[in-house]
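# Summary of the model geometry
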Amino acid sequence: MDDIGSSNTPNNKWKMPLFVFFKDARLVFKLDALSREILGIALPSALAVAADPIASLIDTAFIGHLGPVELAAAGVSIALFNQASRIFIFPLVSITTSFVAEEDTIQRLNTEAVENNLTEKCKAKLSEVMHEDYMHQDIEKGTPKEIMEVPKESMAGSDTNDLVSSSVTSGTKLKDKVGNKKRHIASATTALIFGTILGLLQAAILIFGAKPLLAAMGVKHDSPMLQPAEKYLRLRSFGAPAVLLSLAMQGIFRGFKDTTTPLYVIVTGYAFNVALDPILIFKLKLGLRGAAFSHVLSQYMMAFTLMLILMKKVHLLPPSIKDLQIFRFLKNGGLLLARVVAVTFCMTFAASLAARLGSIPMAAFQPLLQIWLASSLLADGLAVAVQAILACSFTEKDYNKTTAAATRTLQMSFVLGVGLSLAVGVGLYFGAGIFSKNIDVLHLIQIGVPFVAATQPLNSLAFVFDGVNYGASDFAYSAYSLVMVSIVSIATEYFLYKKKQFIGIWIALSIYMVLRMLAGVWRMGTGTGPWRYLRGHTMP
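Source: prediction; values computed, not measured. (Residues numbered from 1 in each chain as written. Predicted model: local features only at pLDDT ≥ 70, side-chain atom pairs only at ≥ 80, totals over all residues. Heavy atoms only, no water.)

Moving on, we come to the overall build of the protein. Secondary structure summary: the protein contains 18 helices and zero strands in total. Among the 540 residues that make up the protein, the fraction classed as buried is 55%. Pairs at least 24 apart in sequence give 85% of the contacts found in the protein among residues at least 6 apart. Within the structure as shown, the protein displays about 23800 Å² of accessible surface, and the carbon and sulfur contribution to it stands at 67%. (Helix = DSSP H or I, 4+ residues; strand = E, 2+ residues; numbered from the N terminus. Buried < 20%, exposed > 50% of the residue type's maximum accessible area, 1.4 Å probe, protein only. Contact = heavy atoms within 4.5 Å. Areas by Shrake-Rupley, 256 points an atom, 1.4 Å probe, with all protein chains shown as cover.)

Okay, here's the thing in structure tokens:
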């Protein structure tokens, strides 16, 4: 398996592409070169991706001690803020990772081509030097054996050594340009521009439209949740520009296959957030406002730190405005925007249905939803890894590695999902009391535990299939398929909400994840789109 990516020839073995998912399944626990590459990207990314939901979960635990009304108010506001952020930034982060990986790979391949060209010229020059030295030897002074050794002696001469040294130095300088020096990555600059604009737009929409948006979430004008939810949402929205910039920069680092740097910054930022929570909420008696302030301050700290680090790696000003690829971003970003709007509406609609049931059901729904997302998003680390690897491998036309990386990551995600099912089930069964002391809230949480736990393998596969599609630049299929899945799921949510209320919402969300996972299986399993080489078709 270590040399799986050594050939660029499409793999024609899988006449029935559906069986490709079981390819080398016995190696899923083997730490070979491919697994090390995947895990080296995935583990830091998973921790970074899960940091925000975990921090929100800790916020929820602190806020829960203020009372069920405050917990419900924060829950509906956090759901609204997070879904708005996903609408604005998720398409940008996804295409940024792929575009930066592609652009960085093309630069590396061009550099290697130049370096190989220099090496060939060096070899030709060496041959010429050796031939000239040989022709000028005094044949009468040596034996035939000595004559044959003349070229080796000539190679030890100062001129030849200088030539070899020059070639090595040139190659080193070329590698430094790609590895150690600042790079001109136009996609990175474009992502920062869009991140800034979208961050300001999101902040304006949430601040000035807080009341109608909360109403759309099911918070009625006479609800006790309305006033605290409105205040919390507006305060937290001031951090939107920092949130979107931070996520855009994470997408850039992912494109470089560097997920460790963002991890350090994010963990530090959220540790600061968690430390501020009890001080502002309880010590200074700011309540919900304190939770919002601590989150906003930590977001700006993270954005500023990531920007300083990125400025050392990338020239933020491109050589030309034409290099910004604005239309390419808009085209593919528009496709993913349609996808995210559909998915977001599906999730937000579920939260709004829970809010319509009242403060108690919403107080139970919020921690369940946070855990559902936080645990499932651990699989998003694998999605980031496979996206970055596939983007590079498809650019290199290394189809053996694209197949191996996709199948191995999907197998890992299933194993991860099974482990998460056990951890979430046991953790929620014994630890639900940290979210609320209200007996009615705890009862509803216990009802939702089986659904949150049982869907973990499905969630993990669904997230990783997203990474597979993005890495293959299959943005159109990802968008259209998820729009169809969301339409069916929204109708299912409403129907089951009417029939089963709280438990009906979780049954519908489980159906949604089944359909989302099957949409991913269909594309690669049928060998269509960028995967048609699995059926022996020639790729362009």
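Time to look at the packing of helix H7 (residues 226-237) against helix H10 (residues 288-311). Closest axis-to-axis distance for the H7/H10 pair is 8 Å, and the angle between their directions is 15 degrees. By the angle class used here, H7 and H10 are roughly parallel. Pair H7 / H10 crosses with right-handed handedness. Residue-level contacts link Pro228, Tyr232, Leu235 and Arg236 of H7 to Leu288, Arg289, Ala291, Ala292, Phe293, His295 and Val296 of H10. Considering only residue class, the contact of H7 with H10 consists of eight nonpolar, one polar and two charged. (Axes fitted to C-alpha atoms, helices over the stretch in contact; angles between N-to-C directions. Parallel < 35°, antiparallel > 145°, perpendicular 65-115°, else oblique. Left-handed = near helix turned anticlockwise from the far one by under 90°. Nonpolar A, V, L, I, M, F, W, Y, C, P; charged D, E, K, R; others polar.)

So, about the nonpolar core. Ranked by internal contacts, the top residues of the largest apolar core, which has 138 residues, are Phe365, Leu428, Met524 and Trp531. Tallying contributions element by element places helix H2 (residues 68-135) first for this core, with 18 residues. Sequence-distant contacts of Met524, defined by excluding residues within four places in its chain, comprise Pro17, Val20, Phe21, Ala406, Thr407, Leu410, Val468, Trp531 and Leu534. (Core = buried A, V, L, I, M, F, W, Y, C linked by side-chain atoms within 4.5 Å.)

Moving on to the packing of aromatic side chains. The full count for this structure, using the stated rule, is 14 aromatic pairs. Judged by centre distance (5.7 Å) and plane angle (85 degrees), the ring pair of Trp372 and Trp506 falls under edge-to-face. With Trp372 in helix H12 (residues 359-376) and Trp506 in helix H18 (residues 502-525), this pair connects stretches of sequence that are 134 residues apart. Since its relative accessible area comes to 1%, Trp506 is described here as buried. Taken together, a centroid distance of 6.0 Å and an interplanar angle of 25 degrees make the contact between Tyr470 and Phe475 stacked. (Phe/Tyr/Trp six-rings, centres within 6.5 Å; stacked < 30°, edge-to-face > 60°.)

Turning our eyes to something else, we now look at helix H13 (residues 378-396). Taking 1.5 Å per residue as the helical rise, H13 with its 19 residues ought to reach 27 Å, and the 28 Å between its terminal C-alpha atoms agrees with that figure. Across the 19 residues that make up H13, a large majority, 16, are buried. The first or second residue beyond H13 is Lys397, which carries a positive phi of 60 degrees. (Expected span 1.5 Å × (residues − 1).)

All right, on to the side chain of Ser77 then. Among the structural elements, Ser77 can be located in helix H2. You can call Ser77 buried: its relative accessible area is 1%. A polar contact of 3.0 Å, which involves the side chain of Ser77, links it to the backbone oxygen of Ala229. When near neighbours in sequence (up to four residues on either side) are disregarded, Ser77 contacts Leu214, Ala229, Tyr232 and Leu233. (Polar contact = N/O pair within 3.5 Å; in protein donor to acceptor, adjacent residues only side chain to side chain.)

What follows covers empty space enclosed by the protein. The tally for this structure, following the rule as stated, stands at two cavities of 30 Å³ or more. The volume enclosed by the largest cavity comes to roughly 880 Å³. Taken together, 45 residues line the largest cavity, and the ones lying closest to its centre are Val49, Arg86, Phe90, Leu247 and Leu377. By residue number, the principal contributor to the lining of the largest cavity is H2, which donates ten residues. For the lining of the largest cavity, the per-class residue count stands at 23 nonpolar, 15 polar and seven charged. Lining the second largest cavity are Ser45, Ala48, Gln250, Arg254, Thr259 and Pro262. When contributions to the lining of the second largest cavity are tallied by element, the ones reaching two or more residues are helix H1 (33-64) and helix H8 (240-255). Tallied by class, residues from the lining of the second largest cavity come to two nonpolar, three polar and one charged. (1 Å grid on protein atoms, 1.4 Å probe; cavity = no way out; pocket = protein on both sides within 12 Å on 5 of 7 lines; lining within 4 Å. Points joined across faces, edges and corners; volume = space filled by probe spheres on them.)

With that out of the way, let us pick up the pattern of salt bridges. Going through the model one piece at a time under the given rule, you end up with nine salt bridges. The shortest N-O distance in the salt bridge between Asp474 and Arg523 comes to 2.7 Å. Taken together, the positions of Asp474 in the loop between helix H16 (456-471) and helix H17 (475-500) and Arg523 in helix H18 put the pair 49 residues apart, joining distant regions of the chain. Considered together, Asp474 and Arg523 belong to a single accessibility category, that of buried residues. Here the residues in one salt-bridge network are Lys23, Asp24 and Arg26, joined through shared partners. (Salt bridge = Lys/Arg side-chain N within 4 Å of Asp/Glu carboxyl O.)

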